[in-house]
Amino acid sequence: MSIKPLLALPANAKIHELEFPDVTLAVLEVLPEGQPIATVQLVHGFTGSKEDFWELAQLLAAAGFRVLAHDHRGHNQSGHVSVDLYNIANFADDILKIQDHFGVGSSHLVGHSLGGMISRLAVIHNPDRFLTYTLLGTGPDASRDTTRYRNFANFVADRSMAEVWDSLSIHPDPAIAFGPSESWPAHTKQRWLSTDPQAHIATVNIIETEPDRTDELAATGVKFHSMFGEHDDVWTPEQQSAVARRLGATITSIPGCGHCPNEEDPVTTSRELVKFWNSLHD
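What you see is a predicted model, and the numbers here were worked out from it, not measured in a lab.

1. With respect to helix α9 (residues 237–247)
1) Next: Buried within α9 we find P237, Q240, S241, V243, A244 and L247. Mapping the buried residues of α9 onto a view down its axis gives an arc of 160°, with all of them on the same face. Along α9, the residues that are exposed and aim more than 90 degrees away from the buried face are E238 and R245.
2) Next: Along its buried surface, α9 packs onto β6 (130–136), α8 (214–218), β7 (223–229) and β8 (250–254).
3) Next: Positive backbone phi, at 65°, marks G248, one or two positions downstream of α9.

2. Quick notes on helix α5 (residues 161–170)
At 3.6 residues per turn, the α-helix brings residues three or four places apart onto the same side.
1) Next: Residues of α5 that are buried include every one of M161, V164, W165 and L168, and no others. Seen along its axis, α5 keeps its buried residues to an arc of 100°; they face one direction.
2) Next: Buried residues along α5 sit in contact with α4 (147–156), α6 (186–194) and α7 (197–209).

3. Let's talk about the pattern of salt bridges
1) Next: A complete count under the given rule lists 18 salt bridges for this structure.
2) Next: The partner of D22 in a salt bridge is K97, with the nearest N and O atoms 3.6 Å apart. Within this pair, whereas D22 is found in the loop between β1 (13–19) and β2 (24–30), its partner K97 is found in helix α2 (residues 88–102), the two being separated by 75 residues in sequence.
3) Next: The closest approach of N and O atoms between R246 and D215, which form a salt bridge, is 3.2 Å. Of this pair, R246 sits in helix α9 while D215 sits in helix α8, and the two are 31 residues apart along the sequence.

Rules used in this analysis
Residues numbered from 1 in each chain as written. Predicted model: local features only at pLDDT ≥ 70, side-chain atom pairs only at ≥ 80, totals over all residues. Heavy atoms only, no water. Buried < 20%, exposed > 50% of the residue type's maximum accessible area, 1.4 Å probe, protein only. Helix = DSSP H or I, 4+ residues; strand = E, 2+ residues; numbered from the N terminus. Arc of directions from axis to C-beta. Contact = heavy atoms within 4.5 Å. Salt bridge = Lys/Arg side-chain N within 4 Å of Asp/Glu carboxyl O.

Function cannot be inferred from these measures alone, as they are strictly geometric.
What follows is the structure in structure tokens.
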């Protein structure tokens, strides 16, 4: 099955609605011309969605890669589930479910921010399923004050996302992370309204409680790449570089970007990803 895209799809792309026993996942697939070099999986961060990779996915496909990007369970166009099914193990396992559905034996994995925390667990548990793993704007653990995230989780706990939107639009609160804005593109507002508040609460719990798993990740023997904007203010470039050194990872700093180089400069981000993947075959 396919579902209506929130943005204009190129001819080589489709959004799939994949039904599994415990969840329905929305997946963007973008295909290259001819036989793909490999499959790339892109995993979004906190309050995000597959649309965070809209331009990047098309650039990677133009470079010869098949691209899969999904909405986490409970987010955007993916299905809502019971509260007990929102946990990092299930978020990570969804990456494998998508591989299995599309018959992907192994992929290049890119995890952005919170998506990096989720992705690394998939790599730790299933290293043979990943050709490489790129940590994009992500760190070892919380490594910062998470009070605003907790305030956000508390605020959405007994409200619908429409109520949250209306309330924070009228009375913005700098103590709460991720207040909405009417200047946002229509698809961003739609994903806000479509996401399950309980899914947001679960992801805040992950941000607050996930330990540093760098040593476990290093033990997998997967090839690693650390990418971040030179002005990243969520995890600092210094923190991310320290993790990269522990992993023996290739390090790439994207000039002029903050926390989301995939959206701020998808051209450079795509070029550096492809450069890393191709370097493994030189």
